Amino acid sequence: LLRCEPDVRVVNEDDAIVVTAHVPNLDPRSIKVSVSGNRLSISGEKVEEEQDERSLYISRQGFASSVRLSSPVDADHVTASYAGGMLRIVLPRLAERTAVQVRADEHNNERGRHE
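First, a word on scope: everything that follows refers to the structure included in this document. (Residues numbered from 1 in each chain as written. Predicted model: local features only at pLDDT ≥ 70, side-chain atom pairs only at ≥ 80, totals over all residues. Heavy atoms only, no water.)

## Focus: the overall build of the protein
- Scanning the protein from terminus to terminus reveals zero helices and eight strands.
- In the protein, the order of α-helices and β-strands from amino to carboxyl end is β-β-β-β-β-β-β-β.
- Considering the protein as a whole, with its 115 residues, one finds that 25% of them fall into the buried category.
- Within the protein, contacts between residues separated by at least 24 positions form 50% of all contacts whose residues are at least 6 apart in sequence.
- Of the accessible surface of the protein, which amounts to about 9100 Å², a share of 45% is contributed by carbon and sulfur atoms. (Helix = DSSP H or I, 4+ residues; strand = E, 2+ residues; numbered from the N terminus. Buried < 20%, exposed > 50% of the residue type's maximum accessible area, 1.4 Å probe, protein only. Contact = heavy atoms within 4.5 Å. Areas by Shrake-Rupley, 256 points an atom, 1.4 Å probe, with all protein chains shown as cover.)

## Section: the pattern of salt bridges
- If you walk through the whole model with that rule in mind, you get three salt bridges.
- Between Arg29 and Asp27 there is a salt bridge, with its nearest N and O atoms 3.2 Å apart.
- Given a relative accessible area of 16%, Asp27 falls into the buried group. (Salt bridge = Lys/Arg side-chain N within 4 Å of Asp/Glu carboxyl O.)

## Overview of the nonpolar core
- Leu40, Ile42, Ile89 and Leu91 are the most contacted members of the largest nonpolar core, which totals 14 residues.
- Mapped onto this core, the elements with two or more residues apiece are β3 (16–22), β5 (39–51), β6 (56–68) and β8 (86–92).
- Those residues in contact with Leu40 that lie beyond four places of it in its chain are Val19, Val33, Ser34, Val35, Ser65, Ser66, Val67, Leu69, Ile89 and Leu91. (Core = buried A, V, L, I, M, F, W, Y, C linked by side-chain atoms within 4.5 Å.)

## Digging into the pairing of strand β4 (residues 32–36)
- Pairing between β4 and β5: five bridges, direction antiparallel. Considered in β5, the bridge of Val35 is made with Leu40.
- If you look at the hairpin formed by β4 and β5, you'll find two residues sitting between the two strands, and Gly37 has a positive phi there, around 65°. (Pairing = 2+ DSSP bridges.)

So, in structure tokens, the structure goes:
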């Protein structure tokens, strides 16, 4: 099994990170996409067939690639599609958490207070 590196592109959109990989002749059933922390890993297997008058030649070539993500993503809502030799993965960004300031009201009946 040979190893190859696909042409991978990462585009940062407002609410998602979109990763595309050009991998023609990919067996869609072999595609594996996983997210761990800030890293996306993709792998799969390309199958190419060549035939002449006497023989059929089949070659299989595995690929694997890893991409560092620029921000946290919602791993439960990642989607992937494959068409025309292009693998497209959409990774929704996690909603950013903002610090909320809470003001504690002063109570007149606090313990230890002198009256």
